[in-house]
Amino acid sequence: MRADRRSFLRAALAVTASGAAPRLSWADAGAPSYLAAGQTPSGGYALSGLTAAGETCFTLPLPGRGHAAAAHPFRPLAVAFARRPGCFALVVDCALGAVAARFEAPQGRHFYGHGAFDPEGALLYTCENAYESGEGIVGVWDAAKSFERIGEFPSGGVGPHELLYDAAARRLAVANGGVRTHPDSGRAKLNLPEMRPNLAYLDAASGEILQVVEPPAELRMNSIRHLARRADGLVATALQWQGDPELAQPLLATHRFGDEALRFLCAPELEQRRMRGYGGSVAFSGVGARLALTSPRGGRLHVFDAESGALLRAFDIEDVCGAAPDANGLVVTDGGGGVTRIGHDLSAAVLARRPTRWDNHLVAL
Amino acid sequence: MRMLLAALLLAAAPFLAPALAPKQANAAPDYRAIAERAAGLHIAPAYERLVEATAALEAPAGDCDAEALRVGFHAAYDAWMGAQHIAFGPVEADSHRFAIAFWPDTRGFVDKSLDRLIAARDPVVGDAEGFAKVSVAARGLTALETLLFDEDHGADFSGEEGAYRCRLVQAIARDLAHTSAAVLEGWRGDRGYSWVMASAGAPENRVYLAPKEPIRALFTSMDGALRTIEDLRLGRPLGSEDRPRPRRAETWRSGRSLRNIELSIAALRDLYDKAFAGAVPQAEGEEIEAGFDHAARLAAEAPRPLLEAVAAPEKRAAIEALRKGVHRLNETLRKRLAPAMDVTLGFNAQDGD
C-alpha cells in the first residue's frame with residue numbers, strides 16, 4: 001500500500017516537474033514546523049521533521065552526518081549539506097521520503113553546511129570555500145532546474161559559514177567566520193594569527209557587497225558563524241571565540257544593516273564563562289523580544305532581552321545546540337535527544353526526548 | 001638553575017607525587033590533585049625548559065655564531081614542543097603563542113614580514129619594546145628558522161645586509177626569551193595560573209568555577225594537540241598522492257618535522273603519566289599506554305625527512321600509518337580517559353562547527 005502511494009507520488013512529482021499538476025507542499029510531509037539533522041540509535045544519520053509539539057513527523061536517512069538544512073519556502077524540499085568540508089548536497093523530498101536530487105560543489109570548492117532559498121524558492125544560495133585561494137564564495141543554484149549552478153560571487157570574507165536571505169530587501173547577510181581551512185587538513189584552522197571575521201551584506205541579484213562589518217580589533221579572534229533574523233530585519237549572530245577559551249568574551253551580537261558597528265550582548269563575567277567561548281546557535285523568539293544563544297560546550301542556554309541586551313535567564317541543558325523560534329517563545333534541541341520549549345515567560349518545558357541525538361541546528365519552516 | 005628547580009620539585013614532592021597505585025574504579029577522581037600535578041610536574045617544568053632554551057639563544061646571537069645558533073634553535077624548538085600543547089592560560093594571552101612560533105603560515109607571512117624588515121633595514125631591531133609590537137610573523141621560532149636555515153640566505157651574516165640579519169636574529173632571540181619568561185611568570189606567583197588550576201571551584205577563583213573545569217581544559221589541550229599532529233603536521237604536507245605538499249611541513253627548512261611529532265607525543269605522554277595515570281583504572285590505563293607506545297613507535301620509525309617521505313610513493317604509507325596511529329590514540333583518550341575522568345564530550349560539543 002505504502003509502496004503504491006509512493007510510486008503514485010513519484011509519478012505525480014514527475015508530472016510536477018513538467019509544470020502541469022499542483023505541487024506537493026509541506027503539509028504532504030506531515031506539516032513539520034522544524035527540520036533537524038541527527039544521529040539515530042542505530043548509529044546512522046537522518047533528517048527529521050518535527051512538529052510544533054516536538055513530535056517527529058518523518059525521519060529520512062542521510063548518507064553521513066548532517067549539519068543544517070535549507071528548507072524550500074513551500075515545496076517539501078530540504079537541502080541537506082554534507083558537513084564541512086563536504087562537497088555534496090542532497091535535495092530530500094520530505095513528502096516522498098526520497099532523494100529528489102543531488103548536486104556537488106564545483107571543483108576546488110566545498111560547502112560549509114548552510115544555504116538559503118530565495119522567497120520564491122527559485123534560487124538556492126550556498127556558502128562555499130574556494131580552498132586553494134581561501135576565498136569565501138556564495139554559490140547560486142537554479143532550484144527549478146534540478147539545482148543547476150547558474151552563478152556565484154565572493155562572500156566578502158574568508159570562511160562564509162551561514163547566510164540568510166532578507167526577502168524585503170532582496171539582500172543576503174553572510175557570516176564570514178574568518179577561519180581558513182583546507183580539506184587536506186580536515187577542519188584544522190590555518191590562519192588564526194591573522195583571522196578577520198565579518199558580517200557582510202550582499203545584493204542577492206548582483207552579489208554586490210553592500211556593507212561589511214567587522215568586530216573591533218580586540219575581538220578579531222571571535223569567529224562570526226551563525227545567524228538569525230527578525231522580521232524587522234535585525235540580524236543576530238552567534239560567535240566562536242578562537243583565543244583563550246577561559247576568557248569571557250561576548251558570543252552574541254546584533255546588527256542592523258547600515259549601522260556602523262556590531263552590538264555585543266554578554267552575560268555577567270562569571271556566567272559568560274560558562275559558555276566556554278562557544279556560541280552554537282542563535283534564534284529570535286517567535287514574537288522577536290527574546291534572543292537565545294546556545295553553547296553545547298557549556299551545556300548552557302542564554303536568553304537575552306533583544307532590546308535592552310540584558311541576560312534574562314540561563315538554563316542548564318547538556319549538549320544543547322539547535323535553537324529556533326516557536327509561536328511565542330523558543331525551541332531548543334540537544335545531543336541527548338531533548339526538544340525543549342522556552343516560553344515567552346521564560347518557563348522551560350521538555351516537549352520530547354527522542355533516541356535521536358539532535359545535531360547542531362534546528363531549522364524553522 | 002636546573003639543579004635548583006629539581007631541588008624545589010623534590011621539596012614539593014609530597015604534595016605533587018603522582019599516585020602510583022591505580023585508583024579503585026567508581027571512586028570520583030580527585031580533580032584538584034590531578035590539576036596540581038599537571039601544573040606542578042608537567043606544565044611549569046615545560047615552560048621552565050622553554051625559558052632556559054630561549055635565554056640560551058642570546059649568547060650565540062651576540063656574535064651571530066651560525067653553528068651555535070642552529071644548535072640553540074633546535075634546543076629551543078625542542079623545548080617549545082614540550083609546551084606547545086598547553087592551549088590555555090598565559091600562553092593564549094596577547095598572542096604569545098603566535099609570537100613564540102607562527103605556524104601554520106599558510107600565506108607566507110613570515111617571509112614577507114622578514115623581507116620587509118630587511119629591505120628597509122628597519123631600526124626597530126634595536127628597540128626591544130618596539131620589536132615586541134612588530135607582526136608576530138617576524139618574531140619567534142619560525143622567523144628564526146628562516147633566518148638560520150633558508151636555502152638562499154640562511155645564516156648569511158656577511159656584508160651590510162648580513163649585519164642587519166644578525167641584528168634581526170638578536171632581536172628575535174631577545175624577544176623570544178622575553179615572551180617565554182612572561183608566559184612562565186603568568187603561571188607563578190600568588191594568583192598565578194598554577195593557583196588558578198589548583199583552586200578550581202573556590203569562590204575567589206574567577207577562571208574555573210568547578211573542580212572539573214581544569215581537567216576539561218587539559219583534556220581539550222590533548223585533543224587539540226593530537227589533531228594538530230594529525231591534520232596540520234601530517235595531513236597538510238601529505239596533500240594527495242598526486243600532489244604532496246612537502247613545504248607545508250612544520251620546520252621543513254631545518255628538517256625537524258618528524259622530531260616535532262615525536263616530542264609532541266612524548267609531551268602528551270608526560271602530561272598523562274604525571275597527572276592522570278594514577279587516577280585511571282588499570283585496564284583503561286594499559287590501553288592508553290599502549291596507544292601512546294604505538295604512536296611513539298610509528299613516529300620514531302617513520303622515514304625521514306618528512307619533506308622527502310611525503311613525496312616518495314613508497315614512503316607515504318609509513319607517514320599515513322603514523323597519522324592513523326595518532327588518530328587512534330586520540331580516540332582511545334576519548335573513549336577511555338574522558339569517561340574515567342567523568343568529563344563529558346557531547347555530540348555537538350565535540351563537533352565544533
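Residues numbered from 1 in each chain as written. Chains lettered and ligands numbered in written order. Predicted model: local features only at pLDDT ≥ 70, side-chain atom pairs only at ≥ 80, totals over all residues. Heavy atoms only, no water.

Here we look at the nonpolar core
Moving on, step 1. Counting 127 residues, the largest nonpolar core has Met197 and Phe276 of chain B as its most contacted members.
Moving on, step 2. Not counting residues up to four positions away in its chain, the partners in contact with Met197 of chain B are Ala35, Ala38, Ala39, Ile43, Phe88, Trp187, Tyr208, Pro214 and Leu218 of chain B.
Moving on, step 3. Core analysis: the second largest hydrophobic core is formed by 18 residues, Ala29, Ala80, Leu96 and Val363 of chain A among them. (Core = buried A, V, L, I, M, F, W, Y, C linked by side-chain atoms within 4.5 Å. Buried < 20%, exposed > 50% of the residue type's maximum accessible area, 1.4 Å probe, protein only. Contact = heavy atoms within 4.5 Å.)

Describing the interface of chain A and chain B
It is common to report an interface's size as the accessible area lost on association of the parts.
Moving on, step 1. Counting residues at the interface gives 44 residues for chain A, matched by 35 residues for chain B.
Moving on, step 2. Summing both sides of the interface, chain A and chain B together bury roughly 3300 Å²; the carbon and sulfur share of this comes to 46%.
Moving on, step 3. Its salt-bridge partner being Arg276 of chain A, residue Glu213 of chain B comes within 3.8 Å of it at the nearest N-O pair.
Moving on, step 4. For the interface between chain A and chain B, the tally reads eight residue pairs in polar contact (both at pLDDT 80 or more).
Moving on, step 5. Mapped onto the side of chain A that touches chain B, the elements with two or more residues apiece are strand 16 (222–229), helix 2 (269–273) and strand 28 (357–364) of chain A.
Moving on, step 6. Per element, the largest residue contribution to the side of chain A that touches chain B is four residues, and it comes from strand 28 of chain A. (Buried area = accessible area lost by both parts, 1.4 Å probe. Salt bridge = Lys/Arg side-chain N within 4 Å of Asp/Glu carboxyl O. Polar contact = N/O pair within 3.5 Å; in protein donor to acceptor, adjacent residues only side chain to side chain. Helix = DSSP H or I, 4+ residues; strand = E, 2+ residues; numbered from the N terminus.)

Regarding the side chain of Thr146 of chain B
All names here are of chain B.
Moving on, step 1. Summarising the element assignment, Thr146 is placed in helix 8 (residues 140–149).
Moving on, step 2. Reaching out from Thr146, the side chain makes a polar contact with the backbone oxygen of Thr142 at a distance of 3.0 Å.
Moving on, step 3. Side-chain polar atoms of Thr146 contact the side chain of Arg253, separated by 3.4 Å.
Moving on, step 4. Once residues within four sequence positions are removed from consideration, Thr146 is found in contact with Val110, Asp111, Leu114, Gly154 and Arg253.

Things to note about the state of the cysteines
Moving on, step 1. Inspection of every chain in the model, using the stated rule, returns one disulfide over all chains.
Moving on, step 2. Between the sulfur atoms of Cys64 of chain B and its disulfide mate Cys166 of chain B the distance is 2.2 Å. For the disulfide bridge between Cys64 of chain B and Cys166 of chain B, the dihedral angle about the S-S bond is near 105°, and by the sign convention the bridge is right-handed. Here Cys166 of chain B lies in helix 9 (residues 159–187) and Cys64 of chain B lies in the loop between helix 3 (58–62) and helix 4 (66–81), a separation of 102 residues in the sequence. Cys166 of chain B matches Cys64 of chain B in its accessibility class, with the two residues each being buried.
Moving on, step 3. In this structure Cys57 of chain A is a free cysteine whose sulfur lies 8.8 Å from that of Cys94 of chain A, the closest cysteine sulfur available. (Disulfide = S-S within 2.5 Å.)

Here's the deal with helix 6 (residues 109–120) of chain B
All names here are of chain B.
Moving on, step 1. Taking 1.5 Å per residue, 12 residues should reach 16 Å; helix 6 reaches 16 Å between its end C-alpha atoms and fits that length.
Moving on, step 2. Among the residues making up helix 6, those that are buried are Val110, Ser113, Leu114, Leu117 and Ile118. Buried residues of helix 6, viewed axially, fall in a sector of 130°; they line one side. Exposed and facing more than 90 degrees away from the buried side of helix 6 are Arg116, Ala119 and Ala120.
Moving on, step 3. One or two positions beyond helix 6, positive phi appears at Arg121, with a value near 45°. (Expected span 1.5 Å × (residues − 1). Arc of directions from axis to C-beta.)

Points about the sheet that holds strand 21 (residues 290–295) of chain A
Residues and elements named next belong to chain A.
Moving on, step 1. As summarised here, the arrangement of the four strands in space is 20-21-22-23, forming an open sheet in which the pairing is antiparallel. Strands at the two margins of the open sheet, each flanked by one partner only, are strand 20 (282–284) and strand 23 (311–316). Pairs of neighbouring strands in the sheet enclose a mean axial angle of 20°, with direction left out of account.
Moving on, step 2. With six bridges joining them, strand 21 and strand 22 (residues 300–305) adopt antiparallel strand pairing. Note that in strand 22 the partner of Leu293 across the bridge is His302. (Pairing = 2+ DSSP bridges. Axes fitted to C-alpha atoms, helices over the stretch in contact; angles between N-to-C directions.)

Thoughts on the confidence of the model for chain A
Moving on, step 1. Looking at chain A as a whole, its pLDDT mean stands at 90, while 94% of the residues score no less than 70.
Moving on, step 2. Low pLDDT (under 50) marks residues 1–21 of chain A, which in the prediction has 14 contacts with non-local residues, meaning those over four places away or in another chain. (pLDDT = per-residue confidence, 0-100.)

Some details on the packing of aromatic side chains
Given two aromatic rings, one states the distance between the centres and the angle between the planes to describe the pair.
Moving on, step 1. Taken as a whole and judged by the stated rule, the model has 18 aromatic pairs over all chains.
Moving on, step 2. With a centroid separation of 5.0 Å and 70° between ring planes, the pair formed by Tyr201 of chain A and Phe257 of chain A is classed as edge-to-face. One end of the pair, Tyr201 of chain A, is in strand 14 (residues 198–203); the other, Phe257 of chain A, is in the loop between strand 18 (252–255) and strand 19 (263–265), and 56 residues separate them in sequence.
Moving on, step 3. Since its relative accessible area comes to 2%, Tyr201 of chain A is described here as buried.
Moving on, step 4. Its end group placed over the ring of Trp195 of chain B, Arg191 of chain B keeps NZ or CZ at 4.3 Å from the ring centre. (Phe/Tyr/Trp six-rings, centres within 6.5 Å; stacked < 30°, edge-to-face > 60°. Lys NZ or Arg CZ within 6 Å of the ring centre and 35° of its normal.)

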